[in-house]
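A look at the structure
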Amino acid sequence: MPVRHAMLVITRAVFDMVEIPGQDPLVVTKDSGDEAARRWWDERVRRSPWTSSGATARPGNESSRTGRRARIVAVGKERLHEGGPRVDVARIRFPDGTETVVDPQNAHDYVAEEFRARKPQPTVAAQFAEWRENVQVAELHTWVGWLFNGAEQVPVDIGLPASQFGYPIREVLACLDRLSVDGWQIVHVSEDRAGYLDGRGAYPDPEMAEPGIGTARYLLSRPG
């Protein structure tokens with residue numbers, strides 16, 4: 001009877017873990033944590049230049065929002081320029097007590113421009129820097145699994161067990177149980193142990209740990 005073979009490989013791996021307040025951690029390729037954080041911010045947080053406190057405001061709305069801070073206190077005949085004729089003007093008073101006179105038809109536009117000059121919006125770089133202060137990027141030392149089956153290389157789900165707790169025997173046994181449902185049986189097991197510290201003492205159940213393993217390979221077979 002023809003027999004097919006495959007190889008299940010369990011090995012240590014290091015990822016970047018991006019911890020954003022109020023969000024599930026992002027697990028990304030090592031050394032890409034900062035890039036992932038910026039991409040997440042660009043897609044979900046970044047505000048346009050006309051956005052204030054997370055609410056979108058367009059230039060046409062600035063005068064109405066600013067109008068609650070600056071108000072027209074008088075309309076009458078005054079000179080817009082020294083030595084000029086007396087014309088209809090709107091006198092505007094700002095919260096700091098300063099006043100000015102403008103053409104009544106241009107009053108709202110003037111208030112909006114003045115608001116932007118006095119209250120410039122933060123740059124994109126400044127917005128990101130403020131948000132980034134609360135985001136942590138750390139290395140995640142864990143284990144990953146791959147099933148090599150013919151020309152296919154398929155990732156297998158063993159979770160992301162922390163590598164400092166030793167070899168993730170429970171997760172691997174659960175993975176082998178799932179593979180056995182498809183008829184795969186273990187033929188041979190080999191291990192690479194060199195260069196890794198003993199994790200037995202940190203493991204919740206020391207008798208279940210196999211410290212020092214760097215990579216484990218399970219040769220599998222099933223009827224073809």
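Coordinates for the structure precede this section.
A quick note: this is a predicted structure, and the numbers were derived from the prediction, not measured.

1. Some details on the overall build of the chain
Tallying secondary structure elements over the chain gives five helices and eleven strands in all. Looking at the chain residue by residue over its 224 residues, the buried ones come to 32%. Summed over all atoms, the accessible surface of the chain reaches about 14,000 Å², with 51% contributed by carbon and sulfur.

2. Describing the pairing of strand 8 (residues 136-149)
Note: strand 1 (residues 3-19) against strand 8, 13 bridges, orientation antiparallel. In the sheet register, Met17 faces strand 8, and the bridge partner there is Ala138. Bridge analysis of strand 8 against strand 9 (residues 152-156) gives five bridges, and the strand direction is antiparallel. Counted as the bridge partner of Phe148 is Gln153 from strand 9. The antiparallel hairpin formed by strand 8 and strand 9 contains two residues in its connecting segment, where Gly150 sits at a positive phi of about 65°.

3. A few points about helix 3 (residues 107-118)
Under the 1.5 Å per step criterion, the end-to-end length of helix 3 is 16 Å for twelve residues, consistent within 8% with the ideal 16 Å. Of the positions making up helix 3, those classed as buried are Ala107, Val111, Ala112, Glu114 and Phe115. For helix 3, the angular spread of buried residues about the axis comes to 165°, placing them on one side. For helix 3, the exposed residues lying more than 90 degrees away from the buried face are Asp109, Glu113 and Ala117.

4. Let's talk about helix 1 (residues 33-44)
Spanning twelve residues, helix 1 covers 16 Å between terminal C-alpha atoms, matching the ideal 16 Å at 1.5 Å per step. Of the positions making up helix 1, those classed as buried are Gly33, Ala36, Ala37, Trp40 and Trp41. All buried residues of helix 1 project into a common sector of 135° when viewed along the axis, lining one side. Opposite its buried face, helix 1 presents the exposed residues Glu35 and Glu43, each directed more than 90 degrees away. Where helix 1 is buried, its residues touch strand 1, strand 2 (26-29), helix 4 (124-132) and strand 8.

5. Side note on the nonpolar core
In terms of nonpolar packing, the biggest core is built from 18 residues, with Leu8, Ile10, Leu147, Tyr167, Leu179, Tyr218 and Leu220 touching the most fellow members. Secondary-structure elements contributing two or more residues to this core are strand 1, strand 8, helix 5 (169-181) and strand 11 (215-223). The biggest single contributor to this core is helix 5, with five residues. Discounting chain neighbours no more than four positions away, the residues touching Tyr218 are Ala6, Met7, Leu8, Ile10, Tyr167, Val172, Leu176, Ile186, His188 and Val189. Counting ten residues, the second-largest nonpolar core is a separate cluster that includes Ile20, Ala37, Trp40 and Trp131.

6. Some points on unusual backbone geometry
In this model, Asp31 sits at a positive phi of 70°, which is unusual for a non-glycine residue. Tracing the backbone shows Asp31 in the loop between strand 2 and helix 1.

7. Re the packing of aromatic side chains
All chains considered together, the criterion is met by four aromatic pairs. Note on Trp143 and Tyr167: the rings are 5.2 Å apart at their centroids and 85° apart in plane angle, and the pair reads as edge-to-face. One end of the pair, Trp143, is in strand 8; the other, Tyr167, is in the loop between strand 9 and helix 5, and 24 residues separate them in sequence. With a relative accessible area of 0%, Trp143 lands in the buried category. Judged by its relative accessible area of 2%, Tyr167 falls in the buried class. One aromatic cluster is present, built from ring pairs that chain together Trp40, Trp41, Phe128 and Trp131. The ring of Phe128 is capped by Arg38, whose NZ or CZ atom sits 4.6 Å from the centre of that ring.

What counts, and at which threshold
- Residues numbered from 1 in each chain as written.
- Predicted model: local features only at pLDDT ≥ 70, side-chain atom pairs only at ≥ 80, totals over all residues.
- Heavy atoms only, no water.
- Helix = DSSP H or I, 4+ residues; strand = E, 2+ residues; numbered from the N terminus.
- Buried < 20%, exposed > 50% of the residue type's maximum accessible area, 1.4 Å probe, protein only.
- Areas by Shrake-Rupley, 256 points an atom, 1.4 Å probe, with all protein chains shown as cover.
- Pairing = 2+ DSSP bridges.
- Expected span 1.5 Å × (residues − 1).
- Arc of directions from axis to C-beta.
- Contact = heavy atoms within 4.5 Å.
- Core = buried A, V, L, I, M, F, W, Y, C linked by side-chain atoms within 4.5 Å.
- Phe/Tyr/Trp six-rings, centres within 6.5 Å; stacked < 30°, edge-to-face > 60°.
- Lys NZ or Arg CZ within 6 Å of the ring centre and 35° of its normal.

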